[in-house]
Amino acid sequence: MKEKLLLTPGPTKIHPDILEALGRPIIHHRTTQFQDILKEVNEGLQYVFQTKNDIYLLAASGTGGMEACVANLVSPGDKTITVEGGKFGERWTELCQAYGGDPKVINVEWGKSVQPEQIKEILDGDKDIKAVFITLCETSTAVTTNVKAIADVVKDTGAILVVDGISGVAVTDIQTDNWGVDMVVSASHKGFMLPPGLAFVSVSAKAHAVIEKATSPRYYFDLRKSKKAFAKTDTPFTPAIGIIVALNESLRLMREEGLGNLFARFARLAEATRTAARALGMTPFPDDACVSNALTAINVPEAVDGGKLVKVMRDEHGVSVAGGQAQLKGKIIRIAHMGCVNEEDLTRGFTTLEKVLTALGHNFTAGAGVNALQESFSQKV
Ligand SMILES: *Cc1c(COP(=O)(O)O)cnc(C)c1O
């Protein structure tokens, strides 16, 4: 069996420098040695989140970070806005309901993105909306949301704008301070190239004011505790020390490359992936206007069993891509190109995809996908 390759949208491939950091002996967290790392990590995260706000580290998967936002903002009876255009948007609705909130749900056809006017209409009609929950990159459909345009609509209202940037931060531009985004959530196992287990939440002063007054019960995820600890370059509980040490390496790599170069690299990989899919007679699932650069969702040809395609690629060739979720089960495949996925990885991915598509009965010119991929890679920017 060849070396396994993860082209899934979380967890993602781990960079070798990060793997090395993960193998270091554990250190204690109440030491100046760890505090120095924490300080560097906080600065690195502020660079990547493009903010001067506090960013809290929670030992949890991404959903834990999402829950922290809701638990700290939404009191029983509070009205919120959520957007359902995929699995992760639905999660915001479920979380608001779990905390006794009253989410006004905007339904968006899967593969399309929410329009700022849809959010404005609800905000204009109801001055009591406490918070607006959106998703930077809806990983289930590979759709990107225009966060800047939505922030323009929300920022002069009393509502708090919360963005699920779990697969978006460190991949797609999100200018937290410039655009006026109050809370941004991300997690270790997508663009940050780390194992799962760490969530990040950035919090604006406007959001802090709401958090102080919220009445929902909370303990481990109480961001008032996180705020106090952050001021002392500390964490309220035992942090995920090993992942934080490795996060420092991840942030170092990103700072060396620079955010602009990072975003441009993913845009190129995404463009090449879409071009290669078309060369195989397949089409990207989302609308062209809102395609994601973190991952590409591709419609599986009618004649091919999408579930089998994913399974054979993984079990017989060692290449993991993701299938569709919910109503898209069996209908799409999702190929991630975030973090440290590179041109060679995508070449192996498409070589394998071509082999398995042929075996499952899809007709195309052999090599067309891989050739289109190479041609796209070699084009000047
Ligand atoms: C992966 C992901 C999540 C969920 O994260 P978990 O780590 O599985 O809890 C939430 N939102 C988006 C957009 C994601 O990509």
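Criteria and thresholds
- Residues numbered from 1 in each chain as written.
- Predicted model: local features only at pLDDT ≥ 70, side-chain atom pairs only at ≥ 80, totals over all residues.
- Heavy atoms only, no water.
- Helix = DSSP H or I, 4+ residues; strand = E, 2+ residues; numbered from the N terminus.
- Rg over C-alpha atoms; globule rule 2.2 N^0.38 Å.
- Buried < 20%, exposed > 50% of the residue type's maximum accessible area, 1.4 Å probe, protein only.
- Contact = heavy atoms within 4.5 Å.
- Areas by Shrake-Rupley, 256 points an atom, 1.4 Å probe, with all protein chains shown as cover.
- Domains from an automatic or database assignment.
- Buried area = accessible area lost by both parts, 1.4 Å probe.
- Salt bridge = Lys/Arg side-chain N within 4 Å of Asp/Glu carboxyl O.
- Pairing = 2+ DSSP bridges.
- Axes fitted to C-alpha atoms, helices over the stretch in contact; angles between N-to-C directions.

A. Inspection of the overall build of the chain at higher detail. The helix and strand inventory of the chain stands at 14 helices and 14 strands. Taking 21 Å as the expected radius of gyration for a compact globule of 381 residues, we find that the chain reaches 21 Å, a close match to that expectation. A principal-axis box enclosing the C-alpha atoms of the chain has dimensions of 60 × 55 × 35 Å. A total of 381 residues make up the chain; the buried ones form 59% of that total. Residue pairs in contact within the chain that sit at least 24 positions apart in sequence constitute 72% of those at least 6 positions apart. About 15,600 Å² of surface is accessible on the chain, with carbon and sulfur atoms providing 51% of the total.

B. Geometry of the domain arrangement of the chain. The domain architecture assigned to the chain consists of domain 1 (5–10 + 258–378) and domain 2 (16–256). For domain 1 versus domain 2, the distance between C-alpha centres works out to 28 Å. In this complex, domain 1 contributes 27 residues to the contact, which on the side of domain 2 involves 28 residues. For the pair domain 1 and domain 2, the two sides together bury roughly 2,200 Å², of which 65% comes from carbon and sulfur. Summed over the shared surface of domain 1 and domain 2, the number is one salt bridge. Linking K112 and D287 is a salt bridge whose minimum nitrogen-to-oxygen distance equals 3.0 Å. When residues of the side of domain 1 that touches domain 2 are traced back to their parent elements, those giving at least two are α11 (259–279), β11 (295–299) and β14 (332–336). For the side of domain 1 that touches domain 2, the element with the most residues is α11, which contributes four residues.

C. A look at the sheet that holds strand β2 (residues 54–58). Pairing in this open sheet of seven strands is mixed, and the strands run β2-β10-β9-β8-β5-β3-β4 from one edge to the other. The open sheet terminates on both sides in strands that have one partner only, identified here as β2 and β4 (102–107). The sheet shows a mean angle of 20 degrees between the axes of neighbouring strands, taken without regard to direction. Sheet topology note: the strand β3 (residues 79–84)/β4 ladder contains six bridges and is parallel. What sits directly across from V83, in β4, is I106.

D. Looking closely at the pairing of strand β10 (residues 199–203). Taking burial as the measure, the five residues of β10 include five buried ones, the bulk of the element. Burial of the side chains of β10 extends over both faces: A199, V201 and V203 are buried on one face and F200 and S202 on the other. In this structure, strand β9 (residues 183–187) lies alongside β10, joined through five bridges in antiparallel fashion. In the strand pairing of β10, V184 is matched with S202.

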